[in-house]
Structure formats: structure tokens, C-alpha cells
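Reading the structure
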Amino acid sequence: VEVDRELAFSLFRAAAFNPKTDGHNKAAEFLARSYLMDPKSKHYNKEFGLRVLRALSDLGEVESQLYMGGFLVIEAKEKALEKEMLLKEAFMHFDRAANQHAHAGAHFMLFILQKDRYGIKSEEAKAKSKNLQFAAENRHQFQADAAIELAFYLRGRGEFGWEKQYIRWLEIAADLKKPEALYFLGKAVMFGMVGEQDYLQAKSLLSQAVQLGHAQSSKLLADLQKRVEAEQRLDTFEVPLNWIDSF
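Figured I'd write up the structure that's included with this text. Owing to the predicted nature of the structure, the values given are computational and were not obtained by experimental measurement.

Considering the nonpolar core
One finds Leu132, Leu170, Leu185 and Leu224 to be the most contacted residues of the largest nonpolar core, which totals 36 residues. Secondary structure elements with two or more residues in this core: helix 6 (104–118), helix 8 (129–137), helix 9 (143–157), helix 10 (162–175), helix 11 (179–190), helix 12 (199–211) and helix 13 (215–235). When near neighbours in sequence (up to four residues on either side) are disregarded, leucine 224 contacts Met190, Tyr199, Ala202, Lys203 and Leu206. Judged by nonpolar contacts, the second largest core, of 30 residues, contains Ala16, Val62, Leu87 and Leu110.

Considering the layout of surface pockets
Computed from the structure, the largest pocket encloses a volume of approximately 340 Å³. If you go around the largest pocket, you meet 14 residues; those closest to its centre are Gly70, Phe94, Gly105, Met109 and Phe142. Taken together, the elements giving at least two residues each to the lining of the largest pocket come down to helix 4 (62–78) and helix 6. When the residues that make up the lining of the largest pocket are grouped by side-chain class, the tally is eight nonpolar, five polar and one charged. Taken as a whole, the second largest pocket encloses approximately 270 Å³ of empty space.

Brief notes about helix 10
The terminal C-alpha atoms of helix 10, which comprises 14 residues, lie 20 Å apart, in line with the 20 Å expected from a rise of 1.5 Å per residue. Turning to helix 10, its buried residues are Trp162, Tyr166, Ile167, Trp169, Leu170, Ala173 and Ala174. Positive backbone phi, approximately 65 degrees, marks lysine 177, located one or two places after helix 10.

Details of the side chain of glutamate 149
With respect to the helices and strands, glutamate 149 occurs in helix 9. Discounting chain neighbours no more than four positions away, the residues touching glutamate 149 are Phe108, Phe111, Ile112, Lys115 and Leu132.

Here we look at the packing of helix 6 against helix 8
Closest axis-to-axis distance for the helix 6/helix 8 pair is 8 Å, and the angle between their directions is 145 degrees. Crossing hand, helix 6 versus helix 8: left-handed. In this structure, helix 6 contributes Ala104, His107, Phe108, Leu110 and Phe111 to the contact, and helix 8 contributes Ser129, Asn131, Leu132, Phe134 and Ala135. Along the lines of polarity and charge, the residues of the contact of helix 6 with helix 8 split into seven nonpolar, three polar and no charged.

Remarks on unusual backbone geometry
Residue alanine 102 is not a glycine yet carries a positive backbone phi of 50 degrees. Even without being glycine, lysine 177 reaches a positive phi, approximately 65 degrees. Looking at the element boundaries, lysine 177 is found in the loop between helix 10 and helix 11. On the accessibility criterion, lysine 177 (46% relative accessible area) is partly exposed.

Concerning the environment of leucine 206
You can see leucine 206 is positioned in helix 12. Between the C-alpha atoms of leucine 206 and methionine 190, which are 16 residues apart in sequence, the distance is 9.7 Å. Contact partners of leucine 206, with chain neighbours within four places excluded, come to Leu182, Tyr183, Gly186, Ser217, Leu220, Leu221 and Leu224.

Focus: the pattern of salt bridges
Under the definition given, this model contains 13 salt bridges. Arginine 96 is paired through a salt bridge with aspartate 58; the nearest N and O atoms lie 2.8 Å apart. Of this pair, arginine 96 sits in helix 5 (residues 83–101) while aspartate 58 sits in helix 3 (residues 46–58); the two residues are 38 residues apart in sequence, bridging distant segments of the chain. Exposure remark for arginine 96: the relative accessible area of 19% places this residue in the buried category. Judged by relative accessible area, aspartate 58 falls into the exposed class, the value being 52%. Overlapping salt bridges, with partners in common, bring together Lys26, Glu29 and Glu61 in one network.

Reading guide: rules and limits
Residues numbered from 1 in each chain as written. Predicted model: local features only at pLDDT ≥ 70, side-chain atom pairs only at ≥ 80, totals over all residues. Heavy atoms only, no water. Core = buried A, V, L, I, M, F, W, Y, C linked by side-chain atoms within 4.5 Å. Buried < 20%, exposed > 50% of the residue type's maximum accessible area, 1.4 Å probe, protein only. Helix = DSSP H or I, 4+ residues; strand = E, 2+ residues; numbered from the N terminus. Contact = heavy atoms within 4.5 Å. 1 Å grid on protein atoms, 1.4 Å probe; cavity = no way out; pocket = protein on both sides within 12 Å on 5 of 7 lines; lining within 4 Å. Points joined across faces, edges and corners; volume = space filled by probe spheres on them. Nonpolar A, V, L, I, M, F, W, Y, C, P; charged D, E, K, R; others polar. Expected span 1.5 Å × (residues − 1). Axes fitted to C-alpha atoms, helices over the stretch in contact; angles between N-to-C directions. Left-handed = near helix turned anticlockwise from the far one by under 90°. Salt bridge = Lys/Arg side-chain N within 4 Å of Asp/Glu carboxyl O.

Written out as C-alpha cells, the structure reads:
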């Protein structure tokens, strides 16, 4: 296997830096990510790998733009003194992926970066709320997360009519079987956030969340069952025949 990796390394390096073809971008990308940026590889060279990936990001290679954005976000968590500089560059790479390739995941990260840096009620986060909506509307790996994020962003801002929008985006995430969305949607339906309480729908949503391993849903489902049983007892209440004896 090691021999095969060495052969692959040689082939990717030859393709990436072939002077006759000005190099092959995808080969350079794979070379950087699979060898130069891998601490377990004997060809590990982080500094050179980053130079290659930055250059590919400049050239518009979306996978390099996303990789650099994600890598720099992780680096920022570990290097407090360089945090702002690293996040600023990460934002640049995600912005390229969003604008050049309409990548929904990159749109999501643009909002997350601004929210984490400036706060959910900041103008910087508000300016990227359209990016968040784009991420919530379009299929990608983190669409459900984006939809939940948008639901809570709107709830946090508390603008007129936020309740219906909150439900709308939770429904999108719930359709994607996101357990947290099923939980919060079930809770909203249970307490009648918009319209009347619907215990049957709430039970269905919470049961799905439980099946997906969401612990809080189990507790809320148990509470819901108690409420249903209590209301059923009220509905079937009969006056005792000897009620007069209690006076």
C-alpha cells in the first residue's frame, strides 16, 4: 500500500507541476490535501501545502476555497493571537466559493462567521442573513443546520411575524430528519405557537426525534402523554350520583 501511495504521490506531483501544461489544478489540490497537509505523510509540508491551496483558491478552485476556509476556522480556535487575521482570511475564501460557485455551504459559513464574530443581533450578521436563507433553501450537506439557524436567527431578532417564519424553517429542517428540528417543531405545535395546539402532530414529531436519538424529545414526549391523559380524564368526567351528600 505504501508503494502505491508513493507512486500516486509521484504521479500527482508530476501532473500538478508539469511545465508543459502549466500544471493540473485538481492534481495539485489532491497532492496538497492528501500528502502535504497530512501530518502522517512523510511528505508533510504544511507551509508548502497552504501555498498551493491558497494559489488554487485564487484561481477559483471551489474545493480549495472550502478547504482553506474550514482549515483557517480550525486554526483560529487554536491560535488566539492570530484569530482575527485567520477568520478574516477564512471569510475571504468562503466568500469566493459563494460568489464564484453559488456554493450553499459557503453561504452558510459566511453567516456563521459574522454571527460568531459580532453577535447574532449585529449589523454584520444581518447583512449576511440573505446568505443564510440561500443556504437554508438549497440542498447541501448542512441545509438542515442552516434552516434551524435561520429559524433561531429570526426568533432572536423578534421582528413582526417571526413565529410563522420560525415554523416554516423548522419544517424544512424537520423534513430533512434533523432531530433538533423535530424537537423544536414538536414543542411549538404542542404549545400552539401558531394556531391551535395539536397533540397528535406533536406526538408524531417528537416520536421521530426520539427514534433519531434525541434525549430531550423523550422527556417532552412523556410530558405530552401526561397532558393527553389528563385532558382525557376531564373529557370523561361524570358527576357522582351522591354528590349532594358532600354538602
